[in-house]
Amino acid sequence: MKAEDKKAKKAAYDKAYRERKKAAGAIVAPEPVAGSRTDPDVVIETFSKTFGFPVRLFWNRRLEAVNSSCAKAGTKLHFEQITNRGGRVIYRVRRGKRNFYTSDSEIKE
């Protein structure tokens, strides 16, 4: 096969593929099950506060001490309450492009 034939065959295949995708239309995603991991976080409460002590910020929602750092005392932090399960409240803290997480036990004075 010549290179031109290969290009023409690929172009025809790509065009047919695009047409099939357009014909299928937008596929509606199924409704997420309540409490599932795909369920988006709903912000319950938002507040900003400055603490007189370092606040531990976790890098993921597992709240592992090895994957964390501390915000310096006196730093203004913006909290978004995202969960309240089993008496444990988890907050999302947005700092620049990053999201950090902390719990209510970490911000008690």
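In what follows, the structure referred to is the one given above.
A brief report on the enclosed structure follows. (Residues numbered from 1 in each chain as written. Predicted model: local features only at pLDDT ≥ 70, side-chain atom pairs only at ≥ 80, totals over all residues. Heavy atoms only, no water.)

### Focus on the pattern of salt bridges
Link 1 in the chain: Counting across every chain of the model gives four salt bridges.
Link 2 in the chain: Note that Arg92 is salt-bridged to Glu80, the shortest N-O span being 2.7 Å. Residue Arg92 is found in strand β5 (residues 88-95), and its partner Glu80 is found in strand β4 (residues 76-85); the two are separated by twelve residues along the sequence.
Link 3 in the chain: Overall, the relative accessible area of 9% leaves Arg92 in the buried class. (Salt bridge = Lys/Arg side-chain N within 4 Å of Asp/Glu carboxyl O. Helix = DSSP H or I, 4+ residues; strand = E, 2+ residues; numbered from the N terminus. Buried < 20%, exposed > 50% of the residue type's maximum accessible area, 1.4 Å probe, protein only.)

### As for the packing of aromatic side chains
Two aromatic rings are characterised by how far apart their centres lie and by the angle between their planes.
Link 1 in the chain: Summed over the entire model, instances satisfying the criterion amount to five aromatic pairs.
Link 2 in the chain: Between Phe79 and Tyr91, the ring centres sit 5.8 Å apart and the planes meet at 75 degrees, which makes this aromatic pair edge-to-face. Of the two residues, Phe79 is situated in strand β4 and Tyr91 in strand β5; the sequence distance between them amounts to twelve residues.
Link 3 in the chain: The class of Phe79 is buried, set by a relative accessible area of 0%.
Link 4 in the chain: Three or more aromatic residues joined by ring pairs form one cluster here, namely Phe47, Phe51, Phe53, Phe79 and Tyr91. (Phe/Tyr/Trp six-rings, centres within 6.5 Å; stacked < 30°, edge-to-face > 60°.)

### Some remarks on the side chain of Ser68
Link 1 in the chain: Tracing the backbone through its elements, the reader meets Ser68 in strand β3 (residues 68-71).
Link 2 in the chain: Residue Ser68 is classed as buried on the basis of its relative accessible area, which comes to 11%.
Link 3 in the chain: Polar contacts involving the side chain of Ser68 include one to the main-chain carbonyl oxygen of Ala65, which spans 2.6 Å.
Link 4 in the chain: With near-sequence residues (within four places) excluded, Ser68 lies in contact with Arg56, Leu57, Phe58 and Trp59. (Polar contact = N/O pair within 3.5 Å; in protein donor to acceptor, adjacent residues only side chain to side chain. Contact = heavy atoms within 4.5 Å.)

### A short note on the environment of Asn60
Link 1 in the chain: Relative to the assigned elements, Asn60 resides in the loop between β2 (55-58) and β3.
Link 2 in the chain: Overall, the relative accessible area of 18% leaves Asn60 in the buried class.
Link 3 in the chain: In the structure, Asn60 is positioned 39 residues away from Asn99 in sequence and 8.3 Å away in space, judged by C-alpha atoms.
Link 4 in the chain: Once residues within four sequence positions are removed from consideration, Asn60 is found in contact with Asn67 and Tyr101.
Link 5 in the chain: Within the local environment of Asn60, its side chain forms a polar contact with the backbone nitrogen of Arg62, the two atoms lying 3.1 Å apart.

Scope: geometric values only; no functional claims are made or implied.
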